[in-house]
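The residues making up each chain are set out below.
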Amino acid sequence: MRRFQLEGASLDALKAQVLAEHGPRARIIAAEKVTVGGIGGFLSRQHYEVTVELPPSGRRRAPVEPDLPSRTDSGRAGISALLEEAERAESTLHPAAAIIPAVPVEPAPQPAPSVSTGSHAFAELMDTLAASTGTPAQSQAAAAFTPGLEAMQPPNAVNHVPLSQAGSGRINQGTEPVQRNAVPMAPAPLGGAGDLVMVVGLGDDALEVCRSMADFSGAGAAAVRVAGVLETDGVGRAADRRAVATARAAGVMAGHSIFLAYGLGRSGTEMARHSTLISALAADQVWVVVDAGRKPEDTAAWVGAVRSAAVVDAAAVEGIDTTGTPQSVNALGLPIGWLDGGPSPTPVL
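Residues numbered from 1 in each chain as written. Predicted model: local features only at pLDDT ≥ 70, side-chain atom pairs only at ≥ 80, totals over all residues. Heavy atoms only, no water.

Enquirer: Tell me what's going on with the environment of W287, and back it up with residues and numbers.
Expert: With respect to the element layout, W287 can be found in strand β9 (residues 285-291). Taking relative accessible area as the criterion, W287 reaches 0% and is therefore assigned buried. Separated by 90 residues in sequence, W287 and V197 have C-alpha atoms that sit 7.7 Å apart. (Helix = DSSP H or I, 4+ residues; strand = E, 2+ residues; numbered from the N terminus. Buried < 20%, exposed > 50% of the residue type's maximum accessible area, 1.4 Å probe, protein only.)

Enquirer: Explain the pairing of strand β11 (residues 336-339) to me, using residue names and the numbers behind them.
Expert: Both strand β10 (residues 314-318) and β11 contribute to a ladder of 3 bridges, which runs parallel. Each bridged residue has a counterpart across the sheet, and for A316 the counterpart in β11 is W338. Examined bridge by bridge, β11 and strand β12 (residues 342-343) share 2 bridges and lie antiparallel to one another. Directly across from L339, in β12, lies its bridge partner G342. Connecting the antiparallel pair β11 and β12 is a turn made up of 2 residues, with D340 showing a positive phi of about 45°. (Pairing = 2+ DSSP bridges.)

Enquirer: Which residues make up the side chain of T299, and what are the values?
Expert: By the element assignment, T299 lies in helix α9 (residues 296-309). Under the relative-accessibility criterion, T299 is labelled buried at 7%. In this structure T299 touches V290, D291, R294 and L332, once residues within four positions along its chain are discounted. (Contact = heavy atoms within 4.5 Å.)

Enquirer: Please give an account of the environment of G192 that cites residues and values.
Expert: Mapped onto the elements, G192 comes out in the loop between α5 (177-182) and β5 (196-201). When the C-alpha positions of G192 and S257 are compared, they lie 5.5 Å apart, and in sequence the two are 65 residues distant.

Enquirer: Give me the lowdown on the nonpolar core, citing residues and values where you can.
Expert: V200, L264, W302, V306 and V317 are the most contacted members of the largest nonpolar core, which has 35 residues in total. Not counting residues up to four positions away in its chain, the partners in contact with V306 are V200, L264, M271, I278, V288 and V312. The next biggest cluster of nonpolar side chains, apart from the first, holds 22 residues, and it includes V197, V224, A261 and W338. (Core = buried A, V, L, I, M, F, W, Y, C linked by side-chain atoms within 4.5 Å.)

Enquirer: Describe the packing of aromatic side chains, naming the residues involved and giving the relevant values.
Expert: Within this structure, the stated rule accounts for 1 aromatic pair. Here the aromatic rings of F216 and W338 are separated by 5.8 Å at their centres, their planes lie at 90°, and the arrangement is edge-to-face. One end of the pair, F216, is in helix α6 (residues 205-217); the other, W338, is in strand β11, with 122 residues separating them in the sequence. With relative accessibility at 8%, the residue F216 sits in the buried group. Here W338 falls in the buried class, since its relative accessible area comes to 0%. (Phe/Tyr/Trp six-rings, centres within 6.5 Å; stacked < 30°, edge-to-face > 60°.)

Enquirer: Mind laying out the pattern of salt bridges, listing which residues take part and the relevant values?
Expert: Counted according to the given criterion, the structure contains 5 salt bridges. Here R3 ties to E53 by a salt bridge, and the two come within 2.9 Å at their closest N and O atoms. Residue R3 is located in strand β1 (residues 2-8), and its partner E53 is located in strand β3 (residues 45-54); the two are separated by 50 residues in the primary sequence. When the shortest N-O distance is used, the salt bridge between R248 and D284 registers 2.9 Å. Of this pair, R248 sits in helix α7 (residues 241-254) while D284 sits in the loop between α8 (271-281) and β9, placing them 36 residues apart in sequence. (Salt bridge = Lys/Arg side-chain N within 4 Å of Asp/Glu carboxyl O.)

Enquirer: Summarise the sheet that holds β9; cite the residues concerned and give the values.
Expert: With respect to topology, 8 strands assemble into an open sheet ordered β7-β6-β8-β5-β9-β10-β11-β12, the strand pairing being mixed. Each edge of the sheet is formed by a strand with only one pairing partner; in this case those strands are β7 (236-237) and β12. The pairing of strand β6 (residues 224-228) with strand β8 (residues 258-263) spans 5 bridges and is classified as parallel. Across the sheet, residue A227 finds its bridge partner in β8, namely Y262. Packing against the sheet, α7 makes contact with β5, β6, β7 and β8, and its axis sits at approximately 150° to β8. Those strands touched by α9 are β5 and β9, and its axis lies near 170° from that of β9. (Axes fitted to C-alpha atoms, helices over the stretch in contact; angles between N-to-C directions.)

Everything listed here is a matter of coordinates, which is why it stays silent on function.
Okay, here's the thing in structure tokens:
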């Protein structure tokens, strides 16, 4: 075992640093709150010192295992649970130096955790990340998406799918009412601070959908990252676990989710390699974007490979005006939540 010490302004910032630099197997085995200078507690400066223990290098995990916690039923991000655990740990500290039992760097996800943006610990983390990344922190988290088209619609926003299109032939009105009602509504894209929404698709389809989701959420281009074979100027990559953790931290600081566009290339080859990476990145929500004009058999093949690697929550459909049979995407068995750049009014076409 190798041990060393770090110091910083807050426990949550130190935990995030240890997680990002040394992975989830590093452990904080002791911590002290140190007061320097001052008279009777006035005009003093405080910081924290932690002792970190690293496992033997010969026992490192295989590179395909995710650094980030797996998805839970609540669908929340590990970053939120980490911040909440840090706040509880800091609240137990006293002005005198205290020894804290071993604390895992990556705590087990708690049911429905949330980010407490009004706490002192959260403010310290925002200041620390702002200083290290140069990104201005926002004083208030952005409003999260809520399920349902009407709940998602922001004030004064233009509806991307006008109701008049319902009779234009773009949506299959011939589907039996019982069949249409049996399909559940697709979830809205997650909007919590630090949530990771992954959109997987061929070509540039995933990037276009992520941009439209980010714009609709109000976060804009700052919330978009790329992975897989996608590369484009002005958009950061988050193609491994450490880059994803950094992107999540930036999302927590700015108060918005992260939209990760994962490109499979033009033909969707090498799906075994892509499936391993998709699983390792451990997104909180996974979408597939399909082109209604492509052959249904080809689309079903790569979508099936993605579904074998991760739970796919919904589908985004593009190009329904380029084909006379857009209803073929219904055969995928996924609710349609995004339609040609905006929320879909119906889960089936």
